[in-house]
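Here are the chains, one letter per residue:
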Amino acid sequence: MHEKRDFMSVARPPLTLPAPEATRERPAWQRNWYRFSRNPSAVIGAVLVLLVVICALFAPVIAPFPEHADAFVDFRNRHQPPSAAHWFGTDNVGRDVLSRVLFGYRISLLLVLFVLGLSVPFGVVLGLLAGYAGGWLELVIMRITDIFLAIPPLVMALAITAALSPTLINAMIAISVLWWNWHTRLVYGIVRSLKTEEYIDACRVIGASRWHILFRELLPNCMSAVLVKTTLDAGFVILIGASLSFLGIGAQPPTPDLGTMVADGAGYLPDMWWQSMFPGLAILVAILGFNLLGDGLRDLYDVEVG
Amino acid sequence: MEFLFYIIRRVLWSVVVLLGLSVTIFFIARVIPGDPARIALGPTATQEQVINLRREMGLDLPLPVQYVRYLSRLVQGDLGQSLLTQRSVNRDIAGAFPATFELVLTTIFLVVVIGIPNGVLAARFKDSWLDNVNRLTSLIGVVTPSFFLALLLQLLAGYVLRILPTSGRLPAGTDFTADITGLITIDALLKGNWLVYFQGLRHLLLPALALSATGIGQIARITRSSMIDVSRRDYIEAARAFGIPDMVTTFKYMLKPSFIPTLTLLGLTFASLLGNAFVVEMVFSWPGMASYGVRTILQKDFNAVIGVVMVIGAFFVVVNVIVDVLVGYVDPRVRLRGGNA
């Protein structure tokens, strides 16, 4: 039986021999942490992502006016420019833009968790099956992913969301329906190159079950690539979600959604610029964070994610 | 000869993809709750009228039969009747498509003429300040949402500097109909109308810039990395050793093989470009597929929605066939191996 591998070291194992006891290397996590901390893009990305997550988790505590997150009207304070009381100014009904941006991150991260939580496992399992089983199963699965590749995601998400009626949950479903195929293609490619490796043959020879080979041998070796791709994806999911709600097909008012806030504020350009520019910047920061972190992890694990 | 077979195989596969797309979108549109006949007639119609219209539209037939009927009309190029505008979807899309097409063409042009030279420069002066500036601008281009960039450009160039128009394809009241190709700039040139030509270009510039930022960044990065890959090959070393001028090595021997990943990526990013075109068109009140698409989608106008998705899908597929043929032309290995479509 081949040695059980630790998740963090999956990118390197096939060639490493057990080190002699005297010159034993540091634990994998220490080496990885060291390399991670030397990679500026990964560190900046991690800090930004952490910032976004903290904003989202503690929005009710951090936000200066938590009650402004939902339906709230204060016409005396509408269209206030940025000031000490309202760092990002106030919107067209007098709500604090900063508070709404903080709560907006909750919606964005919820979208990411839902979409990736549904589509990544689905896509990964299909990729494993297609890559390992071959034959008609491979043909059917991969041709379907090709078809999904031919659909501009935003346009298809528009069609699905609107047909179901435009709500946040439907937007989540629509994006999930479109996202799995990228992971299927990624895992398929890795499995295809791995399944001719000797250790898989060895497993088969000693009578390991198909499920064991799929989920205990092949899957762990795909995880680093999937993790990198998922991190990069998080940014794009936020982007596509924001684009949908910018078009008015997604979270509906008064939900504090960043895309909706940009769209609402756009009507008050150029004079009340803060109403759309700050939520827009907030989206940019979140996407930038996930992108840098993903790029950094890619360098760390040295994987190609297409 | 092999090249011809390669093209034929590639085209046949595209037909399969489009068929698959038509099945997917048809069933998504039909399985979803909501009665198209009821929506078309409005809430005041009687039950009897609704039943009649359902029969007229063939909505009472089983789904596979409906699909076959739809497909047989589709292959004749008939997208059906729009429930919203009461006109043929073909006519509506033919009216909206040229504006989108012109915008997308201009964007591709910008992506190629800005992205590729930037990538070449970044590779040639690897790790210099030029490369770093390039890396930063590419990153910003990739992570900035198109709609946000569109608003920023609109704010900056349209309101603050007041140098460029911020909405539509031509100034209001311009007496010009693009009735030859539908593309304003091309038609203006064909008619020798220089004023309209420049007006059209001025209106195109901001939306095309907003739309091209992502592509420029991605293309610059991939051109850079494939140029660097190629520059490590032995034959480049040999060219240098022979004293062939640097410019010739860079542009003649390195750029051509580096083109292949760039071209492939260009084809693939086209899908997100078409999607983003929807958002950018909305910001700049561009009378293209987006306003028609969003309007019909919100009204659950099924034939129109299927039409919009099919036309955009077909556009994407055709562009990718062209890209693959170009790749096959540049890279003989692809066409001889047959390429796995």
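Residues numbered from 1 in each chain as written. Chains lettered and ligands numbered in written order. Predicted model: local features only at pLDDT ≥ 70, side-chain atom pairs only at ≥ 80, totals over all residues.

Novice: Just give me the short version of the overall build of chain A, but keep the residues and values in it.
Specialist: Each helix and strand in chain A was counted, giving 11 helices and 0 strands. Expressed as lengths along the three principal axes of its C-alpha atoms, the size of chain A is roughly 75 × 50 × 25 Å. The proportion of buried residues among the 306 residues of chain A is 48%. (Helix = DSSP H or I, 4+ residues; strand = E, 2+ residues; numbered from the N terminus. Buried ≥ 20, exposed ≤ 12 C-beta atoms within 10 Å, placed from the backbone.)

Novice: So what about the overall build of chain B? Which residues, and what values?
Specialist: Regarding its fold elements, chain B presents 14 helices and 0 strands. When the elements of chain B are put in sequence order from the N terminus, they spell out α-α-α-α-α-α-α-α-α-α-α-α-α-α. With respect to the principal axes defined by its C-alpha atoms, chain B has extents near 85 × 55 × 40 Å. Of all intrachain contacts in chain B linking residues separated by at least 6 positions in sequence, the fraction that spans at least 24 positions is 74%. (Contact = placed C-beta atoms within 7 Å.)

Novice: Break down helix H7 (residues 146–160) of chain B for me, with residues and values.
Specialist: Residue and element names in this part refer to chain B. With 15 residues, H7 ought to run about 21 Å at 1.5 Å a step, and its terminal C-alpha atoms sit 20 Å apart, in line with that. All of the buried residues along H7 are Ser146, Phe147, Phe148, Leu149, Ala150, Leu151, Leu153 and Gln154. Of the residues flanking the end of H7, it is Arg162, one or two places downstream, whose phi is positive at about 50°. (Expected span 1.5 Å × (residues − 1).)

Novice: How would you explain the interface of chain A and chain B if you had to name every residue and give the values?
Specialist: One frequent convention defines the size of an interface as the accessible area lost when the parts assemble. If you look at the interface, chain A gives 33 residues, while chain B gives 36 residues. The set of elements that each furnish at least two residues to the side of chain A that touches chain B consists of helix H5 (135–149), helix H6 (153–164), helix H9 (210–246), helix H10 (258–266) and helix H11 (274–301) of chain A. Take the side of chain A that touches chain B: its biggest share by element is 10 residues, from H6(A). Taken together, the residues of the side of chain A that touches chain B sort by class into 27 nonpolar, 5 polar and 1 charged. (Nonpolar A, V, L, I, M, F, W, Y, C, P; charged D, E, K, R; others polar.)

Novice: Residues and numbers for unusual backbone geometry, please.
Specialist: Residues A:Leu269 and A:Pro270 are joined by a peptide bond in cis, for which omega reads 0°. Despite not being glycine, A:His79 has its phi angle at roughly 55°, a positive value. Summarising the element assignment, A:His79 is placed in the loop between helix H3 (59–62) and helix H4 (97–133). For A:His79, a count of 16 C-beta atoms within 10 Å puts it in the partly exposed group. The backbone of B:Asp127 sits at a positive phi, close to 65°, despite the residue not being glycine. Mapped onto the elements of the fold, B:Asp127 is located in the loop between helix H5 (89–124) and helix H6 (129–143).

Novice: Give me the lowdown on the packing of H5(B) against H6(B), citing residues and values where you can.
Specialist: All names here are of chain B. Packing of H5 against H6 leaves a shortest axis separation of 8 Å and a crossing angle of 140°. Of the possible angle classes, the one that applies to H5 and H6 is oblique. The chirality of how H5 crosses H6 is left-handed. The segment H5 lies against H6, with Asn118, Leu121 and Ala122 engaging Leu130, Asp131 and Asn134. Residue composition of the contact of H5 with H6, grouped by class: 3 nonpolar, 2 polar and 1 charged. (Axes fitted to C-alpha atoms, helices over the stretch in contact; angles between N-to-C directions. Parallel < 35°, antiparallel > 145°, perpendicular 65-115°, else oblique. Left-handed = near helix turned anticlockwise from the far one by under 90°.)

Novice: Break down the confidence of the model for chain B for me, with residues and values.
Specialist: The share of residues in chain B with pLDDT of 70 or more is 96%, and the mean pLDDT across the chain is 84. Interface predicted TM-score (ipTM) for the complex: 0.83; the corresponding pTM is 0.85. (pLDDT = per-residue confidence, 0-100.)

Novice: Go over the environment of A:Ser176 with me, naming the residues and quoting the values.
Specialist: Residue and element names in this part refer to chain A. By the element assignment, Ser176 lies in helix H7 (residues 168–194). For Ser176, a count of 22 C-beta atoms within 10 Å corresponds to the buried category. When the C-alpha positions of Ser176 and Asn32 are compared, they lie 31 Å apart, and in sequence the two are 144 residues distant. When near neighbours in sequence (up to four residues on either side) are disregarded, Ser176 contacts Val115, Leu118 and Ser119.

Novice: Outline the environment of B:Phe3, listing residues and values.
Specialist: Residue and element names in this part refer to chain B. For Phe3, the location among the structural elements is in helix H1 (residues 2–31). Overall, the presence of 14 C-beta atoms within 10 Å leaves Phe3 in the partly exposed class. Taking the C-alpha atoms as reference points, Phe3 and Pro98, 95 residues apart in sequence, are found 31 Å from one another.

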